[in-house]
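The primary structure of each chain is shown beneath.
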There are 2 protein chains.
Amino acid sequence: MSPPSELSAGFRASLAQAAGSAAMLTDPADCWPYGYDNSRRHALPQAVVFAREAAQIAAVVALCAESATALTARGMGTGTTGATVPERGGVVLSFERMDEILRIAPGDRLAVVQPGVINANLQKALATSGFFWPPDPTSAAVCTIGGNLAYNSAGPRAVKYGTPRDNTLGLRVVSGTGEMLRTGVSTSKGVVGYDLTRLIIGSEGTLALITEATLKLTPLPEAKRTLRATYADIHAAAAAVSSIMAQAVTPCALEFMDASAIAMVSRYSKLDLPEGAGALLMIEVDGPAACIHEAQAAVAAAAQCDGLLELRLAESAEEVAALWKTRKALSPALRHIAPKKINEDVVVPVSRMGEFIEALDRLAHESGIRIVNFGHAGNGNIHVNLLIDPNDPDEVARAATCLDAVFSLVLRLDGTLSGEHGIGLEKRDFVERELDPVALRLMHDLKRCFDPAGILNPGKGL
Amino acid sequence: MSPPSELSAGFRASLAQAAGSAAMLTDPADCWPYGYDNSRRHALPQAVVFAREAAQIAAVVALCAESATALTARGMGTGTTGATVPERGGVVLSFERMDEILRIAPGDRLAVVQPGVINANLQKALATSGFFWPPDPTSAAVCTIGGNLAYNSAGPRAVKYGTPRDNTLGLRVVSGTGEMLRTGVSTSKGVVGYDLTRLIIGSEGTLALITEATLKLTPLPEAKRTLRATYADIHAAAAAVSSIMAQAVTPCALEFMDASAIAMVSRYSKLDLPEGAGALLMIEVDGPAACIHEAQAAVAAAAQCDGLLELRLAESAEEVAALWKTRKALSPALRHIAPKKINEDVVVPVSRMGEFIEALDRLAHESGIRIVNFGHAGNGNIHVNLLIDPNDPDEVARAATCLDAVFSLVLRLDGTLSGEHGIGLEKRDFVERELDPVALRLMHDLKRCFDPAGILNPGKGL
């Protein structure tokens, strides 16, 4: 399927009829903003259709399947891997107008939503019910539930509460043939038939388009406490993470920053950190108010290990804000320091984290590329940031070699190339390095079952 | 594929070579015990092979695929649906000798096991590490992890800790073509490729044979408390279940018995229950010792509602045993009272449970079939037991009609036909009533991708 320069008049008329005239854009200037995502890649779609309901989506998909036109589903475009960039042109199906929360049932611990609901809006609507939906990507204020499901996006809370695959009961979807189907159940158990729900979650819009999701809710914790632990080096911090994960109180956030991340932030903000800080952990625990103090104490005890320079517990909202200041200053600092960052989200087993960061330091030294690491330590999910000047071709080349070495390292440590950002366009050339060849062939076979014409987000994910 | 009366001499010789001579049975008398499961159905396999390692399994599968010979994987045969009964003869592959725990890594919260490991043996081996693997089917003392994964078997703890799909990170499997492949990851996050792990879990050996599993571990709770709440009727109990599930402390068991179950037990044991007991809840909470009292209090408060006759909290091990006595007496009583019970494990949303049990009472009355209900109320997972005399053809016929009505009722209430026992042979005629026709067709397509010759447990599950 090569990018068509424009859609035929006949297809365009049929599409307008299927989409509804008020729900379609074809002027390139109007379509332009629907061609990018947060990877900063861009490709122009020939048409943008606003999804309104399952039957309309089914009609649009059927039309695209008939004419072998690429169809790329899109939430709010906050993904970082180019998965919603319509590389082969065709139609972008935007879910932004399909944003209704259809049902909240606290007694059944579930919510039924349309895919365009913004994550934060769902959390707000749930708050009075005493429940929440655990996935909390950094972009929660603007990203959609449908996007969260497409990427299996998680966030800090995943260490305790899991990812969308752990927090979704069932889906309504449209397959690549334009057929509507139901997957999963409305209950917390169910073993009739194969698990299509989780197969579709994380498939980046390549198997089916989600038109409705039944989400599993979790009770809101009564209380939360924050700790910040500073260590002399990454090995000490990694040992603390292992020790925290080996005891009974699972934190609801266990984030870390390495020495280069701390150094970077300290260039832009005055930091209240002890001398010689070589790694930092931000830890949060939540649970019933009656035992939050004990939970905090248990995690604090586990965080004590050789190389601990300082352990601070926040007792007030101001202190919480003060402790988070260093971590929150990181993203703006990263944006300032380098014209381009390659932001990876690899995962290694928690016990290999120290070894991994040390090897990254060596790679940075050898390649002359600045590498800054932070991330969700409790999951071993590390955002490895390569900071480069895109106008320096030599640096760009060295970064590519370095990234290749990072991926090899991750796989050698029994890790995975993506924890929560997905594959999209950015990582598709590396998928074969991780996946078993037989598994990869099977995945392509499964893709053909769902989407025989190969129109759903072609070229992404696998 | 029709049941062969015997295997050809050539096939038998090749199979012996692939299996290893010490790992194969062909004498019908030796094969006989491998032909049944706990459904009490039976079919004789022509050969039994004892799985020893992935390469051997791959060779056996390849051989069966070439000759279109049915191959049925089997743990300890504790399933209740006939899923391991080799209805079409052929080869039974027993995993009982593949029972090694390969690795326990508390810092990474994972264990790697062979499929023949007995659930209870894993829990025992884990205990000193401070972790456990949550799935706890009633048969935990004798059933295998491979079987738990094949059925997605759960148990009481699922209400808090989930099912095998929520507690497995990755698999090594052999597909129906005899190819070995890896699925999933060794970390708690990973989004590279489609989720084959969960697709295979719960597929009853119809997609691939699990040769190794990487299980996600959970910290052992420090403390546990038990409560027993007795209600005037099922509506009061159902309201209490909804109220318990709508608050923040999730019990680690929330089991119930209806009036007919209580009546049955009281015929065989002297029960210490208040007058007029029409429904009973057994509730357990677990967590840090520091807040176990508060957790118990929170659940006790939620259990208070109109129709509560008595709420008892156990303070000692003896009191715990006393409270559980009624529930534990149920299974032996059920075995005594009727020559045959049809034991279903349907699920309805928690909020519909009262309505469901009331409708079951009506069905029992109309059909003249005695129905006894108990189960995992927190999941809405209800074991509906139809007690019949198999020698009374009229009763057998009425029970079939009644069961049909039960399934219709479950589906009307937005439930599912199986929560943890699976489909096997027992429910395969009903699958089409629950599953979306497009989803069912896709499942058959997926089955063909994994097992083009259709040899893996043919005729089961879908």
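Residues numbered from 1 in each chain as written. Chains lettered and ligands numbered in written order. Predicted model: local features only at pLDDT ≥ 70, side-chain atom pairs only at ≥ 80, totals over all residues. Heavy atoms only, no water.

Trainee: Looking at this structure, how should I read the confidence of the model for chain A?
Mentor: Low pLDDT marks stretches whose predicted atomic positions should not be read closely. Per-residue pLDDT for chain A averages 93, and the proportion of residues at 70 or more is 99%. Among the prediction metrics, the complex's ipTM stands at 0.95, with pTM recorded as 0.96. (pLDDT = per-residue confidence, 0-100.)

Trainee: Would you mind showing me how to read the nonpolar core here?
Mentor: In summary, soluble globular proteins display a tendency toward joint burial of nonpolar side chains. Counting residues in each nonpolar core, the largest one holds 180 residues, and the members touching the most others are L281(A), F356(A), L281(B) and F356(B). Setting aside anything within four residues of it in sequence, one finds L281(B) in contact with L227(B), R228(B), A229(B), Y231(B), A237(B), A240(B), V241(B), I244(B), L254(B), E255(B) and F256(B). (Core = buried A, V, L, I, M, F, W, Y, C linked by side-chain atoms within 4.5 Å. Buried < 20%, exposed > 50% of the residue type's maximum accessible area, 1.4 Å probe, protein only. Contact = heavy atoms within 4.5 Å.)

Trainee: Could you clarify how one ought to interpret the sheet that holds strand β6 (residues 110-113) of chain A in this entry?
Mentor: The strands that make up a sheet pair up through hydrogen bonds in the backbone, lying either parallel or antiparallel. All names here are of chain A. Read across the sheet, five strands follow the order β5-β6-β10-β8-β9 without closing on themselves; strand pairing throughout is antiparallel. Two strands close off the open sheet at either side, each with one partner strand: β5 (101-105) and β9 (180-184). The average undirected angle you get between the axes of adjacent strands in this sheet is 15 degrees. Sitting on the sheet, helix α3 (residues 54-66) is in contact with β8 (168-175), β9 and β10 (208-216), with an inclination near 45 degrees to β8. (Pairing = 2+ DSSP bridges. Helix = DSSP H or I, 4+ residues; strand = E, 2+ residues; numbered from the N terminus. Axes fitted to C-alpha atoms, helices over the stretch in contact; angles between N-to-C directions.)

Trainee: What is the right way to look at the state of the cysteines in this model?
Mentor: Think of a disulfide as a covalent bridge from one cysteine sulfur atom to another cysteine sulfur atom. Within the structure shown, the criterion is met by one disulfide over all chains. Two residues share a disulfide in this structure: C291(A) and C291(B), whose sulfurs sit 2.3 Å from each other. Disulfide C291(A)-C291(B): the torsion about the S-S bond is 40 degrees, which places it as right-handed. Of this pair, C291(A) sits in the loop between β14 (279-287) and α10 (292-303) while C291(B) is found in the loop between β14 (279-287) and α10 (292-303), placing the two residues in two different chains. Residue classification places C291(A) among the buried positions, given a relative accessible area of 5%. (Disulfide = S-S within 2.5 Å.)

Trainee: Help me understand the interface of chain A and chain B, please; the structure alone is not making it clear to me.
Mentor: Of the residues lining the interface, 79 residues belong to chain A; the matching set on chain B comes to 79 residues. A combined buried area of about 6700 Å² lies between chain A and chain B, and 60% of that area is made up of carbon and sulfur atoms. On the chain A side of the contact with chain B, K189(A), V191(A) and Y194(A) bury the most area, a combined 15% of that side's loss. The tally of links between chain A and chain B comes to eight salt bridges. (Buried area = accessible area lost by both parts, 1.4 Å probe. Salt bridge = Lys/Arg side-chain N within 4 Å of Asp/Glu carboxyl O.)

Trainee: Looking at this structure, I do not really get the relation of the copies chain A and chain B. What am I missing?
Mentor: In this arrangement, two copies of a chain are superimposed by a rotation about an axis accompanied by a shift along the axis. For the match of chain A to chain B, the screw axis carries a shift of 0.0 Å, the RMSD comes to 0.0 Å, and the turn is 180 degrees. Look at the turn and shift together and you get a two-fold axis relating the two. Among all residues of chain A, the minimum C-alpha distance to the rotation axis is found for C291(A), at 2.5 Å. Residue by residue, 100% of the interface of chain A is reproduced at the interface of chain B, so both copies engage with the same surface. (Least-squares fit on C-alpha atoms with pLDDT ≥ 70 in both.)

Trainee: So what exactly am I meant to see when it comes to the pairing of β8(A) here?
Mentor: Both faces of the sheet carry side chains from a regular strand, because those side chains alternate between them. All names here are of chain A. Burial analysis of β8 places seven of its eight residues in the buried class, the great majority of the element. Where β8 lies against β10, seven bridges are found, and the strand directions are antiparallel. When the sheet's bridge partners are listed, R172 is paired in β10 with E212. By the bridge criterion, five bridges tie β8 to β9 in an arrangement that is antiparallel. Each bridged residue has a counterpart across the sheet, and for L171 the counterpart in β9 is T183. What sits between β8 and β9 in their antiparallel hairpin is a turn of four residues, with G178 showing a positive phi close to 80 degrees.

Trainee: Honestly, α10(B) in this entry has me stumped. Any pointers?
Mentor: Residues and elements named next belong to chain B. Taking 1.5 Å of rise per residue, the 12 residues of α10 would be expected to cover 16 Å, and the 16 Å separating its terminal C-alpha atoms lies within 8% of that figure. Here α10 has its buried residues at I292, A295, Q296, V299, A300, A302 and A303. For α10, the buried positions fall inside an angular range of 160 degrees around the axis, keeping them on one side. Turning to α10, the residues buried within the fold contact β12 (223-231), α8 (234-245), β14 and β15 (308-313). (Expected span 1.5 Å × (residues − 1). Arc of directions from axis to C-beta.)

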